[in-house]
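Descriptive analysis of the structure
Spelled out from the first residue to the last, the chains are:
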Amino acid sequence: MADLTPTPDRPGLHVSKPSPNTPATGSAVCHCGATATATGDSQVKALVEGYTANHGAAHRDGGPRR
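What this report covers is the structure whose coordinates are included nearby. (Residues numbered from 1 in each chain as written. Predicted model: local features only at pLDDT ≥ 70, side-chain atom pairs only at ≥ 80, totals over all residues. Heavy atoms only, no water.)

Tallying secondary structure elements over the protein gives two helices and three strands in all. Each helix and strand of the protein, ordered N terminal to C terminal, gives the series β-β-β-α-α. Per-residue burial over the protein gives 27% buried out of 66 residues. Accessible surface, the protein: about 4,400 Å² in total, of which carbon and sulfur atoms supply 55%. (Helix = DSSP H or I, 4+ residues; strand = E, 2+ residues; numbered from the N terminus. Buried < 20%, exposed > 50% of the residue type's maximum accessible area, 1.4 Å probe, protein only. Areas by Shrake-Rupley, 256 points an atom, 1.4 Å probe, with all protein chains shown as cover.)

Below is the structure:
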């Protein structure tokens, strides 16, 4: 399987939760240079919500750049 972890050359969002008993992990890299990581289900949920609202596709839609 390919490494799906985002990098500055391949920005994006990656979330992993290998089993129901392990905490989720997430990482995000935006083309604007912002990066973030999170561990734990609620922290990863917040990471996804923040990235979706403020980075990634939000930049193409005229959303805020942080």
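The structure having been displayed, the exposition proceeds.
With that out of the way, let us pick up the pattern of salt bridges. Applying the stated criterion across every chain yields a total of two salt bridges. Note that Asp41 is salt-bridged to Lys17, the shortest N-O span being 3.1 Å. Of this pair, Asp41 sits in helix α1 (residues 41-54) while Lys17 is found in the loop between β1 (12-16) and β2 (25-29), placing the two residues 24 residues apart along the sequence. In this structure Asp41 comes out as partly exposed when scored by relative accessible area, which is 43%. The class for Lys17 is partly exposed, based on a relative accessible area of 38%. (Salt bridge = Lys/Arg side-chain N within 4 Å of Asp/Glu carboxyl O.)

Among the nonpolar cores identified, the biggest contains seven residues, and these are Ala24, Ala28, Cys30, Ala38, Val44, Leu47 and Tyr51. Per-element accounting of this core gives the leading share, three residues, to α1. Ignoring sequence-local partners within four residues, the contact set of Ala38 consists of Ala24, Thr25, Gly26, Gln43, Val44 and Leu47. (Core = buried A, V, L, I, M, F, W, Y, C linked by side-chain atoms within 4.5 Å. Contact = heavy atoms within 4.5 Å.)

For the rest of this paragraph, the subject is α1. Between its first and last C-alpha atoms α1 spans 20 Å; for 14 residues at 1.5 Å apiece the expected length is 20 Å, and the two agree. Taken residue by residue, α1 has Val44, Leu47, Tyr51 and Asn54 as its buried positions. The arc enclosing the buried residues of α1, seen along the axis, measures out at 120°, which places them on a common side. With respect to the buried face of α1, the exposed residues turned more than 90 degrees away are Ser42, Lys45 and Thr52. (Expected span 1.5 Å × (residues − 1). Arc of directions from axis to C-beta.)

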